[in-house]
Amino acid sequence: MSPDLETSMLNCCYFAASGMGVGIVDRTSLRSAGAAILAIPFEPRIEVSYFAIRPSGGQRIAVLDDIVGRMGELMGQ
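Residues numbered from 1 in each chain as written. Predicted model: local features only at pLDDT ≥ 70, side-chain atom pairs only at ≥ 80, totals over all residues. Heavy atoms only, no water.

Right, let's get into the overall build of the protein. Helix and strand counts for the protein come out as three helices and zero strands. In the protein, the succession of α and β elements from N to C terminus is α-α-α. Here the protein has a C-alpha radius of gyration of 16 Å; the compact-globule value for 77 residues is 11 Å, and the former is much larger. In terms of overall dimensions, the protein has a C-alpha envelope of 50 × 25 × 25 Å along the principal axes. In the protein, which comprises 77 residues, the proportion classed as buried is 6%. For the protein, the proportion of contacts with a sequence separation of at least 24, taken over those separated by at least 6, is 15%. Total accessible area on the protein stands at roughly 6900 Å², and carbon and sulfur atoms take up 59% of it. Each charge sign in the protein was given a centre, from 6 positive and 8 negative side chains, and these centres are 7 Å apart. (Helix = DSSP H or I, 4+ residues; strand = E, 2+ residues; numbered from the N terminus. Rg over C-alpha atoms; globule rule 2.2 N^0.38 Å. Buried < 20%, exposed > 50% of the residue type's maximum accessible area, 1.4 Å probe, protein only. Contact = heavy atoms within 4.5 Å. Areas by Shrake-Rupley, 256 points an atom, 1.4 Å probe, with all protein chains shown as cover. Lys, Arg positive; Asp, Glu negative; His and termini not counted. Charge placed at Lys NZ, Arg CZ, Asp CG, Glu CD.)

Structure below.
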(Lines give C-alpha, C1' and ligand atoms only; values in the text may rest on other atoms or scores of the structure.)
Protein backbone atom coordinates (compact mmCIF):
# COMPACT_ATOMS: atom_id res chain seq x y z
CA MET A 1 0.00 0.00 0.00
CA SER A 2 1.37 3.43 -0.92
CA PRO A 3 1.33 6.25 1.63
CA ASP A 4 -1.29 8.98 1.37
CA LEU A 5 -0.42 12.65 1.51
CA GLU A 6 -2.77 15.44 2.56
CA THR A 7 -1.97 18.89 1.22
CA SER A 8 -3.53 21.99 -0.31
CA MET A 9 -4.97 21.74 -3.80
CA LEU A 10 -2.33 24.16 -5.10
CA ASN A 11 0.52 22.08 -3.69
CA CYS A 12 -1.16 18.99 -5.10
CA CYS A 13 -0.67 20.48 -8.58
CA TYR A 14 3.04 21.00 -7.89
CA PHE A 15 3.42 17.48 -6.52
CA ALA A 16 1.74 16.03 -9.61
CA ALA A 17 4.01 18.12 -11.86
CA SER A 18 7.06 16.67 -10.13
CA GLY A 19 5.79 13.10 -10.59
CA MET A 20 4.71 12.49 -6.98
CA GLY A 21 1.23 11.22 -7.84
CA VAL A 22 -2.18 12.41 -8.94
CA GLY A 23 -4.85 14.53 -7.32
CA ILE A 24 -8.33 15.91 -7.67
CA VAL A 25 -8.20 19.69 -7.56
CA ASP A 26 -10.45 22.65 -8.29
CA ARG A 27 -10.14 24.77 -11.42
CA THR A 28 -8.85 27.80 -9.49
CA SER A 29 -5.90 25.85 -8.05
CA LEU A 30 -5.17 24.35 -11.45
CA ARG A 31 -5.03 27.80 -13.07
CA SER A 32 -3.04 29.31 -10.21
CA ALA A 33 -0.37 26.63 -10.24
CA GLY A 34 0.72 27.26 -13.81
CA ALA A 35 2.47 23.89 -13.56
CA ALA A 36 3.22 21.56 -16.47
CA ILE A 37 0.52 18.98 -15.74
CA LEU A 38 -2.11 17.11 -17.68
CA ALA A 39 -5.61 18.07 -16.52
CA ILE A 40 -8.41 15.60 -17.22
CA PRO A 41 -11.96 16.60 -16.23
CA PHE A 42 -13.20 14.46 -13.34
CA GLU A 43 -16.61 12.82 -13.58
CA PRO A 44 -18.94 13.08 -11.80
CA ARG A 45 -18.49 16.81 -11.35
CA ILE A 46 -17.75 17.92 -7.78
CA GLU A 47 -19.13 21.31 -6.79
CA VAL A 48 -16.71 23.48 -4.78
CA SER A 49 -17.79 26.48 -2.72
CA TYR A 50 -15.63 29.43 -1.72
CA PHE A 51 -16.24 31.89 1.07
CA ALA A 52 -14.75 35.27 1.89
CA ILE A 53 -14.63 35.45 5.68
CA ARG A 54 -13.89 38.21 8.14
CA PRO A 55 -14.24 38.63 11.91
CA SER A 56 -17.81 39.09 13.10
CA GLY A 57 -18.49 42.76 13.81
CA GLY A 58 -15.37 43.73 11.85
CA GLN A 59 -15.35 46.93 9.84
CA ARG A 60 -15.86 46.64 6.11
CA ILE A 61 -12.76 47.71 4.19
CA ALA A 62 -13.42 49.01 0.68
CA VAL A 63 -10.24 47.62 -0.88
CA LEU A 64 -11.01 44.13 0.49
CA ASP A 65 -14.58 44.35 -0.80
CA ASP A 66 -13.13 45.23 -4.23
CA ILE A 67 -10.75 42.25 -4.10
CA VAL A 68 -13.54 39.87 -3.10
CA GLY A 69 -15.71 41.22 -5.92
CA ARG A 70 -12.93 40.85 -8.49
CA MET A 71 -12.15 37.30 -7.35
CA GLY A 72 -15.82 36.44 -7.76
CA GLU A 73 -15.73 37.79 -11.32
CA LEU A 74 -12.58 35.85 -12.17
CA MET A 75 -13.90 32.61 -10.72
CA GLY A 76 -17.13 33.01 -12.68
CA GLN A 77 -15.21 32.82 -15.98
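With that out of the way, let us pick up unusual backbone geometry. Across the junction of glutamate 43 and proline 44, the peptide omega takes the value 5 degrees, indicating a cis bond. Structurally, proline 44 is set in the loop between α2 (27-33) and α3 (62-75).

Before going further, it helps to examine the environment of cysteine 12. Position of cysteine 12 relative to the elements: it lies in helix α1 (residues 9-17). Judged by relative accessible area, cysteine 12 falls into the buried class, the value being 16%. Discounting chain neighbours no more than four positions away, the residues touching cysteine 12 are Thr7, Val22, Gly23 and Val25.

In the structure shown here, the tally under the stated rule is four salt bridges. Between arginine 70 and glutamate 73 there is a salt bridge, with its nearest N and O atoms 3.2 Å apart. With arginine 70 and glutamate 73 both in helix α3 and three residues apart, the pair spans about one turn of that helix. Overall, the relative accessible area of 43% leaves arginine 70 in the partly exposed class. (Salt bridge = Lys/Arg side-chain N within 4 Å of Asp/Glu carboxyl O.)

Let us now look at a nonpolar patch on the surface. Judged by side-chain polarity, Ile24, Phe42, Ile46, Val48, Tyr50, Ile61, Val63, Leu64, Ile67, Met71, Leu74 and Met75 come together as a nonpolar surface patch covering roughly 1000 Å² of accessible area. Exposure remark for leucine 74: the relative accessible area of 32% places this residue in the partly exposed category. (Patch = residues over 30% accessible without salt bridge, like charges linked within 9 Å, V, L, I, M, F, W, Y side chains within 5 Å.)

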